[in-house]
Amino acid sequence: MSAARSVFSSFVAEHRRSRTLLVQPRMGFSDPAMMRRGLHAVAGAGVPAVGTVTLDSYTRTGQHDLAAMSIESGVQLNGYPLVALGTGVTAEVLDGLFGPRFPIQMRHGSPQPEDIFAAMLESGLDASEGGPVSYCLPYSSVPLRTATASWSRSATLLASQADRGVLCHLESFGGCMLGQLCPPGLLVALSVLECLFFAEHGVRSVSASYAQQTSPEQDAEALWAMRRLCAEELAGVDHHVVLYTYMGLFPESAAGARELLADSVRLAVRTGTERLIVKTTAEAHRIPTVEENVDALRLAHATALDQPAPGLPPAGDTEVYLQARLLVDEVRSLAPTLTEALPAAFERGLLDVPYCLHPDNGNETRCVLDDEGRLQWWHTGRMPLPAALGGRRSRDRVSATRMLADLSYHRRRLDPVLPGPSPEPARA
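Residues numbered from 1 in each chain as written. Predicted model: local features only at pLDDT ≥ 70, side-chain atom pairs only at ≥ 80, totals over all residues. Heavy atoms only, no water.

Looking at an unreviewed UniProt entry, the chain carries the name Methylaspartate mutase, with the source organism given as Amycolatopsis heterodermiae.

In structure tokens:
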């Protein structure tokens, strides 16, 4: 296993040594020629970038027959139908592009990814993302225990590639749950837990994700807390941190969208984050074009070059770190393996994602933005967070007006004019 090599993780490590922020789009097209054109444009953008092949909804849900029918009928899908097209077609898409100077990650969104991972490996790619929680609760009605069992088999499949000299990489999507209105302590805990789940199944190269929220200071605390927890828990496992430009309601104006992207770049550089998933000026309106994706990559890279060196992490324990540390410890204490512990944690309410409607999520917790734009717990349900660590059990409900105002925070901040609800006070 020590001789195994990863195109993806080696590329990240090279740029980490030079303190160069890697940028990456979320790009996927159903037409193979268009997919190749998109990858070619990213590879030739003149910036340190990772390529992306994002899959379509039919493939994510295992409906490969419907994906194939759409291809035959000339219907455009919202991503690349990897399984239906066959690995021969994908090999042609990647030919001459994928390699040590241009790694490509496959992104999918599936709670049961065995077929997807098998096709990915056959096509030659070595990197993907997701997780048993993060690709189940927000995206599907598949039972969490079913998804966890499927991800156990899938992670084991990727780990077994070390026997043929390939070190596969898995990125947790746990730090992006629902994109917004999820306090950072829970996001950090979920991402670290999924990375530990991958390592438990033998995956030796992982990344922990976090999605930009609404407070740069709180987000910096979260990224530093994530890095610290990874260092404490993933000794001997290659790992890095990836940040997503805001995943919620994006500004509708081009100027506002560019500024929010620039904010995420500044956050990434400040915290020493290795990789940034960018958003474009089209996010609020439609699926971005190849050109819009490339423009976003170039803007992100140019902004990163103008930033000072990374800052120093907090000297002591922050609230975000202590919340995440407690949740990770509580979940791991439930069972000998995370394959058992993760579903049990949701069944007992020790983990509970606010506003998530999946049947296996308690949906008892709520959060709000305070006057400074920081995400705070409003009601922590059965989660084991004491008041001293920000836990709160309010009898008052979060109103729809309040929630909609919180959801549109960045639009109200960055767009010139936005009709809609006015924010309520931070505390009832």
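Alright, that's what it looks like, and here's the rest.
Focus on the overall build of the chain
Within the chain, the regular secondary structure consists of 16 helices and ten strands. For the chain, whose C-alpha radius of gyration is 20 Å, the value lies close to the compact-globule estimate of 22 Å for 428 residues. For the chain, the spread of C-alpha atoms along the three principal axes comes to 60 × 50 × 45 Å. Burial analysis of the chain (428 residues in total) assigns 59% to the buried set. Put simply, of all contacts in the chain between residues at least 6 apart along the chain, 72% involve residues at least 24 apart. As displayed, the chain offers around 16,600 Å² of accessible surface, 52% of which is attributable to carbon and sulfur atoms. (Helix = DSSP H or I, 4+ residues; strand = E, 2+ residues; numbered from the N terminus. Rg over C-alpha atoms; globule rule 2.2 N^0.38 Å. Buried < 20%, exposed > 50% of the residue type's maximum accessible area, 1.4 Å probe, protein only. Contact = heavy atoms within 4.5 Å. Areas by Shrake-Rupley, 256 points an atom, 1.4 Å probe, with all protein chains shown as cover.)

A word on the pairing of strand β7 (residues 238-244)
In terms of residue burial, β7 counts as a mostly covered element, since five of its seven residues are buried. Two elements, strand β6 (residues 205-211) and β7, share seven bridges in a ladder whose sense is parallel. Bridge pairing in β7 places V206 opposite H239. Where the polypeptide runs from β6 across helix α10 (residues 216-233) and back to β7, its parallel neighbour, the crossover connection is right-handed. Relative to strand β8 (residues 275-277), β7 runs parallel, the two being bridged by three bridges. When the bridges of β8 are listed, L243 appears paired with L276. (Pairing = 2+ DSSP bridges. Right-handed = clockwise from strand over helix to strand, strands pointing away.)

Section: helix α12 (residues 290-305)
If you check α12, its first and last C-alpha atoms are 23 Å apart, about what 16 residues at 1.5 Å a residue would give, namely 22 Å. Of the residues making up α12, those classed as buried are V290, E292, N293, V294, A296, L297, A300, H301, T303 and A304. The secondary structure elements touched by the buried residues of α12 are β1 (22-24), α2 (32-43), α11 (254-270) and β8. (Expected span 1.5 Å × (residues − 1).)

Things to note about the nonpolar core
Among the nonpolar cores identified, the biggest contains 110 residues, and L39, L186, V188, L351 and V353 are the most heavily contacted of them. No other element matches the twelve residues that helix α9 (residues 184-200) contributes to this core. Ignoring any residue separated from it by four or fewer positions in sequence, one finds V353 in contact with L137, M177, L178, C182, L186, L190, F346, N361, N363 and T365. By size, the runner-up hydrophobic cluster in this structure holds ten residues, among which are L181, C367, V398 and L407. (Core = buried A, V, L, I, M, F, W, Y, C linked by side-chain atoms within 4.5 Å.)

Describing the pattern of salt bridges
According to the stated counting rule, one finds 25 salt bridges in the structure shown. Linking R228 and E232 is a salt bridge whose minimum nitrogen-to-oxygen distance equals 3.1 Å. Taken together, the residues R228 and E232, both in helix α10 and four residues apart, mark about one turn of the helix. Take E232: its relative accessible area is 37%, and that puts it in the partly exposed class. Three or more residues joined by partner-sharing salt bridges are found here, namely R228, E232, E233, D317, R325, D329 and R332. (Salt bridge = Lys/Arg side-chain N within 4 Å of Asp/Glu carboxyl O.)

Let's talk about the environment of H410
For H410, the location among the structural elements is in helix α16 (residues 409-414). In this structure the C-alpha to C-alpha distance between H410 and P251, which are 159 residues apart in sequence, comes to 6.4 Å. Beyond its immediate stretch of four places on either side in the chain, H410 contacts Q213, T214, Y246, L249, P251, L260 and D415. At 2.8 Å, the side chain of H410 and the backbone oxygen of Q213 are in polar contact. (Polar contact = N/O pair within 3.5 Å; in protein donor to acceptor, adjacent residues only side chain to side chain.)

A look at the packing of α9 against α10
Relative to each other, α9 and α10 sit at 25°, their axes nearing to 10 Å. Accordingly, the angle class assigned to the pair α9 and α10 is roughly parallel. Where α9 crosses over α10, the handedness of that crossing is right-handed. In this structure, α9 uses P184, V188, S191, V192 and L196 to contact α10, whose residues at the interface are Q218, A222, A225, M226, L229, C230 and E233. Of the residues contributing to the contact of α9 with α10, the split by class is nine nonpolar, two polar and one charged. (Axes fitted to C-alpha atoms, helices over the stretch in contact; angles between N-to-C directions. Parallel < 35°, antiparallel > 145°, perpendicular 65-115°, else oblique. Left-handed = near helix turned anticlockwise from the far one by under 90°. Nonpolar A, V, L, I, M, F, W, Y, C, P; charged D, E, K, R; others polar.)

A few points about the pairing of strand β5 (residues 169-172)
Of the two faces of β5, both are covered, the one formed by H169 and E171 as well as the one formed by L170 and S172. Direction of pairing for strand β4 (residues 127-130) relative to β5: parallel, over a ladder of four bridges. Along β5, the bridge assignment pairs S128 with L170. Tracing the backbone out of β4, into helix α8 (residues 144-159) and back to the parallel element β5 gives a crossover that is right-handed. Pairing geometry for β5 and β6, over two bridges, is parallel. Looking across to β6, one finds that L170 is bridged to V206. Once you follow β5 into α9 and on to β6, the crossover reads as right-handed.

Things to note about unusual backbone geometry
With a phi angle near 55°, R19 is a residue other than glycine that sits in the positive phi range. With respect to the helices and strands, the residue R19 is situated in the loop between α1 (7-17) and β1. Residue classification places R19 among the exposed residues on the basis of a relative accessible area of 70%. Not every positive phi belongs to a glycine, and N363 is a case in point at roughly 55°. Tracing the backbone shows N363 in the loop between α14 (338-347) and β9 (366-369). Note on N363: relative accessible area 21%, which makes it partly exposed.

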